[in-house]
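An overview of the molecular structure
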Amino acid sequence: MTATTLDPKTALVVVDLQKGIVTSDTVHPTADIVTRSASLADAFRAKGLPVVLVHVVGGAPGRNEGPAQSGGQLPADWADLVPELGPREGDIVVTKRTWGAFHGTDLDLQLRRRGVTQVVVTGVATSIGVESTARAAHEHGYHVTVATDAVTDMDADAHRNSVERIFPRLGETDTTEAILKLLG
């Protein structure tokens, strides 16, 4: 677990830290994930670097063998970002309907317009939204760093697989503290 550097134009991408998801039963407490993500967001903003806040408002169509989604109406504030994160003035807010933050959104365009070459990714769920976003960022040619203590999942095995096997193949991983030190 070692992040070596942050490019001068690095963006923070925070995945699905929203009211309807942070109440989920997860491997690591979501309150800790929110706190670490918020500290990264504050540091990125202080350096004038982009902060991307991603929230999901629906799901991709298609059949799957996973547990049935609740057919009921979601609470009105389900997709609202947690207040600890913002959004703040200048933040990029991405609304998605699939697991990853790139597919069907203007995230790549927003990042390229700002000259971004690297992303630091945090959020929930490690093996779903975070991993999908990190994979797409890698495929789009961005350097990827995952703050491994600022991600969590509902499934311990899935979380461990992403952190130990997938993320190191997509880029670099490290702790929030180490990333903050690299940020300066």
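Quick note: structure is the one above.
Residues numbered from 1 in each chain as written. Predicted model: local features only at pLDDT ≥ 70, side-chain atom pairs only at ≥ 80, totals over all residues. Heavy atoms only, no water.

The strand order E3-E2-E1-E4-E5-E6 describes an open sheet built from six strands, whose pairing is parallel. Of all the strands in the sheet, just strand E3 (92-96) and strand E6 (172-174) have a single pairing partner and so form its edges. If you compare each strand with its neighbour and ignore which way they point, the axes differ by 25° on average. Across five bridges, strand E2 (residues 51-56) lies against E3 in parallel orientation. Paired with Val54 across the two strands is Val94, which belongs to E3. Along the sheet, helix H5 (residues 176-183) contacts strand E4 (118-124), strand E5 (143-152) and E6; its crossing angle with E5, the most-contacted strand, is approximately 140°. (Pairing = 2+ DSSP bridges. Helix = DSSP H or I, 4+ residues; strand = E, 2+ residues; numbered from the N terminus. Axes fitted to C-alpha atoms, helices over the stretch in contact; angles between N-to-C directions. Contact = heavy atoms within 4.5 Å.)

A word on the nonpolar core. Counting 27 residues, the largest nonpolar core has Leu12, Leu17, Phe44 and Leu85 as the members making the most contacts within it. Here this core takes seven residues from helix H1 (residues 30-46), the largest share from any one element. Setting aside its immediate chain neighbours within four residues, Leu12 contacts Ser37, Leu40, Ala41, Phe44, Pro50, Val51, Val52, Val120 and Thr122. Within the second largest apolar cluster, 26 residues are counted, among which are Val52, Val54, Phe102 and Val119. (Core = buried A, V, L, I, M, F, W, Y, C linked by side-chain atoms within 4.5 Å. Buried < 20%, exposed > 50% of the residue type's maximum accessible area, 1.4 Å probe, protein only.)

Turning next to unusual backbone geometry. At the junction of Gly86 and Pro87, the peptide bond is cis and its omega measures out at 15° in the coordinates. In this structure, Ala125 follows Val124 across a cis peptide bond, with omega equal to -5°. Topologically, Ala125 is positioned in the loop between E4 and helix H3 (126-139). With phi around 60°, Asp16 is a residue other than glycine that occupies positive phi space. Secondary-structure assignment places Asp16 in the loop between strand E1 (10-15) and H1.

Scanning all chains against the criterion turns up one aromatic pair. Geometrically, the ring pair formed by Phe102 and Tyr142 is tilted, given 6.0 Å between the ring centres and 35° between the ring planes. Of this pair, Phe102 sits in the loop between E3 and helix H2 (107-113) while Tyr142 sits in the loop between H3 and E5, and the two are 40 residues apart along the sequence. The same class applies to Phe102 as to Tyr142, namely buried. (Phe/Tyr/Trp six-rings, centres within 6.5 Å; stacked < 30°, edge-to-face > 60°.)

H5 packs onto H1 with a crossing angle of 5° between their chain directions and a minimal axis gap of 10 Å. Classed by the angle they form, the pair H1 and H5 counts as roughly parallel. Of H5, the residues touching H1 (which contributes Arg36, Ser39, Leu40, Ala43 and Phe44) are Thr176, Ile179, Leu180 and Leu183. Within the contact of H1 with H5, the residues separate by chemical class into six nonpolar, two polar and one charged. (Parallel < 35°, antiparallel > 145°, perpendicular 65-115°, else oblique. Nonpolar A, V, L, I, M, F, W, Y, C, P; charged D, E, K, R; others polar.)

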